[in-house]
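Listed here are the chains, written in short residue letters.
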Amino acid sequence: MAQPDYAPVEAAGVSPAIILSALGAALGGLLFGFDTAVISGATEALQSHFALSDPALGFTVASALIGTVIGSLTAGAPADRYGRKRMLLAIAIAYVVSSLGAGLATSWPMLLAFRTLGGLAIGAASVVTPVYIAEVSPTRFRGRLVALNQLNIVLGILIAFLSNYLIAQNAAPDTAWRWMLGIVAAPSAVFLLVTLLLPESPRWYVVTGRSGDALRVLQQLGFASPEREIAGMQGARVREATPRLFQRRYATPVGCAIAIAMFNQLSGINALLYYAPRIFALGGAGTDSAMLQSVAVGGINLIFTVLALFLIDRFGRKPLLYFGSIACALALFLVGFQMERPVADGTLILAGMLGFIAAFAVSQGAVIWVFLSEVFPSEVRGKGQALGSTTHWIMAAAITWTFPIVAGRVGGWVFLFFGAMMLLQFVWVWRFMPETNGVPLEKMRL
């Protein structure tokens, strides 16, 4: 990896303006988590209301993920052309419309259409939000600030599980699913208002030849030496020659982005989140207990994501993945073996699920979006983030769509497969993954 020939001058700490900008953009992550997980509490009601088979239910849950593939694949170009802020505004509007439409759906095709629109927003947010935060963050604090997006994702997941539980307890059974899906409109409207107040990315201004605007934003954000920051960004812009992603000099970051995104989903995380109540029910939990245990999953996810914020810049990206690979594998093996017993022990299944979620949150969950936002050099960062996000969502859609079918046929063996993939991830991290901690974005050359 090339060493930087300039050093960004940073303040001793992070200014409140930078933190507020990162938190505002990270609300897109909260909606990412909320909208992704909220359907977990509605699967049985949707299957009954629309008379869906298991494959049709899997497609219904995966419809949002199909949208995420399209959203993540197409978000990079408009974000580069029109700016990060305008894309965040479009994402917020899509969240509001999709959640209201899904809650009011009168037919299965209508539900699929609005869930797919919500998926478009999620996929686009997974590209634009980490890039925006990385581009307004000082190098020394970039990992923690980008990880705020992941913190908001898991906070959104927890809110979704808690919201589902409360709605299931208080709403009429035939309308509860509508409230579960429609309530996402409330935080979506807040995100829309907050996005109007965000500054544009200074790096995007420099890339589009608006250095004066970039200087103004850097001064507003409280950078210690805005002029020197701009000089470094302009140097990266001058180096841009042929910004095609698929060429030899980008082979390492491209390969790493695809690998980390695939392993993230081969852990089974989205399948476990979407079908958590069903998994707990298979372990012997009643409906209300399964919903409440799902809330526990969301709570553990949040706690260990907060822990990751304090670890990711101190220890780096690779050590967290070393730990997470082994811990996730052990937890998944525990769940798988219990599922294969004649009478599953619900307590051990809960322990395995919570252990997996904790290990995932402090490792893969925190690292993936940070790593994708920084592993590519500046001239192809938007395209590279889109590649990693698209790979992530293709895998998520495939696994989520097929999980109820495969789990129904092979039972606990599906969890043993996920565990084996985590051991394979350990080998990949050890042999091939570079450490990106502390490298200025303008000097990311692998």
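Residues numbered from 1 in each chain as written. Predicted model: local features only at pLDDT ≥ 70, side-chain atom pairs only at ≥ 80, totals over all residues. Heavy atoms only, no water.

Caption draft 1: The arrangement of a nonpolar patch on the surface in detail. Where nonpolar side chains cluster on the molecular surface, the patch consists of Ile19, Leu20 and Leu23 and spans about 250 Å² of accessible area. The residue Ile19 is located in helix H1 (residues 16–37) in this model. The class for Ile19 is partly exposed, based on a relative accessible area of 33%. (Patch = residues over 30% accessible without salt bridge, like charges linked within 9 Å, V, L, I, M, F, W, Y side chains within 5 Å. Areas by Shrake-Rupley, 256 points an atom, 1.4 Å probe, with all protein chains shown as cover. Salt bridge = Lys/Arg side-chain N within 4 Å of Asp/Glu carboxyl O. Helix = DSSP H or I, 4+ residues; strand = E, 2+ residues; numbered from the N terminus. Buried < 20%, exposed > 50% of the residue type's maximum accessible area, 1.4 Å probe, protein only.)

Caption draft 2: Fine view of the packing of aromatic side chains. With the rule as written, the count across this model stands at ten aromatic pairs. When the ring of Phe59 is compared with that of Trp108, the centres are 6.4 Å apart and the planes differ by 70°; the resulting orientation is edge-to-face. Residue Phe59 is located in helix H3 (residues 54–74), and its partner Trp108 is located in helix H6 (residues 108–135); the two are separated by 49 residues in the primary sequence. When the centroid spacing of 6.0 Å and the interplanar angle of 35° are considered together, the rings of Phe263 and Trp428 count as tilted. With a gap of 165 residues between them, Phe263 in helix H13 (residues 251–266) and Trp428 in helix H21 (residues 413–431) connect regions that are remote in the sequence. A cation over a ring is seen here: Arg431 above Trp430, with NZ or CZ 5.8 Å from the ring centre. Across from the ring centre of Phe432, 5.8 Å away, lies the NZ or CZ of Arg431, which sits over that ring. (Phe/Tyr/Trp six-rings, centres within 6.5 Å; stacked < 30°, edge-to-face > 60°. Lys NZ or Arg CZ within 6 Å of the ring centre and 35° of its normal.)

Caption draft 3: Molecular detail of the pattern of salt bridges. In total, this model carries six salt bridges according to the counting rule given. Among the ionic pairs, Arg84 bridges to Asp80, the shortest N-O distance being 2.7 Å. Residue classification places Arg84 among the buried positions, given a relative accessible area of 6%. Taking relative accessible area as the criterion, Asp80 reaches 30% and is therefore assigned partly exposed. Ionic pairing is found between Arg216 and Asp213, a salt bridge with its closest N-O pair at 3.6 Å. Of this pair, Arg216 and Asp213 both sit in helix H11 (residues 211–221), three residues apart, roughly one helical turn. Note on Arg216: relative accessible area 36%, which makes it partly exposed.

Caption draft 4: Region of interest: the packing of H6 against helix H7 (residues 142–170). With their axes 9 Å apart at the nearest point, H6 and H7 run at an angle of 150° to one another. The angle between H6 and H7 falls in the class roughly antiparallel. Between H6 and H7 lies a crossing whose hand is right-handed. Together, Thr129, Pro130, Ile133 and Ala134 of H6 and Arg142, Leu145, Val146 and Asn149 of H7 make up the contact between the two elements. Among the residues making up the contact of H6 with H7, the classes are represented as five nonpolar, two polar and one charged. (Axes fitted to C-alpha atoms, helices over the stretch in contact; angles between N-to-C directions. Parallel < 35°, antiparallel > 145°, perpendicular 65-115°, else oblique. Left-handed = near helix turned anticlockwise from the far one by under 90°. Contact = heavy atoms within 4.5 Å. Nonpolar A, V, L, I, M, F, W, Y, C, P; charged D, E, K, R; others polar.)

Caption draft 5: Local environment of unusual backbone geometry. You will see that Ala51, though not glycine, has its phi angle at about 55°, which is positive. Structurally, the position occupied by Ala51 is in the loop between helix H2 (43–49) and H3. Ala51 gets classed as exposed once you look at its relative accessible area, which sits at 67%.

Caption draft 6: Summary view of the environment of Leu112. By secondary structure assignment, the location of Leu112 is in helix H6. The exposure class assigned to Leu112 is buried, which follows from its relative accessible area of 13%. Each C-alpha atom of the pair Leu112 and Ala64 lies 7.8 Å from the other, and the pair is 48 residues apart in sequence. Discounting chain neighbours no more than four positions away, the residues touching Leu112 are Phe59, Thr60 and Ser63.

Caption draft 7: Looking closely at the confidence of the model for the chain. The predicted model of the chain averages 82 in pLDDT, with 87% of residues at 70 or higher. For the chain, per-element mean pLDDT is lowest for helix H15 (residues 276–282), which scores 64, and highest for helix H5 (residues 84–103), which scores 94. Across residues 1–12 the pLDDT falls below 50, and counting only partners more than four positions away or on other chains, this stretch makes 31 contacts in the model. (pLDDT = per-residue confidence, 0-100.)

Caption draft 8: Examining the packing of helix H17 (residues 317–339) against helix H18 (residues 346–361) more closely. Direction vectors running N to C along H17 and H18 enclose 160°, while the axes themselves pass 8 Å from each other. Considering their axes alone, H17 and H18 lie roughly antiparallel with respect to each other. For H17 against H18, the interelement crossing comes out left-handed. Touching Phe323, Gly324, Ala327, Cys328, Ala331, Leu332, Leu334, Val335, Gln338 and Met339 of H17 are Leu348, Ile349, Gly352, Met353, Gly355, Phe356, Ala359 and Phe360, all from H18. Among the residues forming the contact of H17 with H18, the class breakdown is 14 nonpolar, four polar and no charged.

Caption draft 9: Fine view of the environment of Gly156. Along the chain, Gly156 falls in helix H7. With 28 residues separating them along the chain, Gly156 and Val184 place their C-alpha atoms 9.9 Å apart. If sequence neighbours within four positions are ignored, Gly156 has contacts with Leu30, Gly33 and Phe34.

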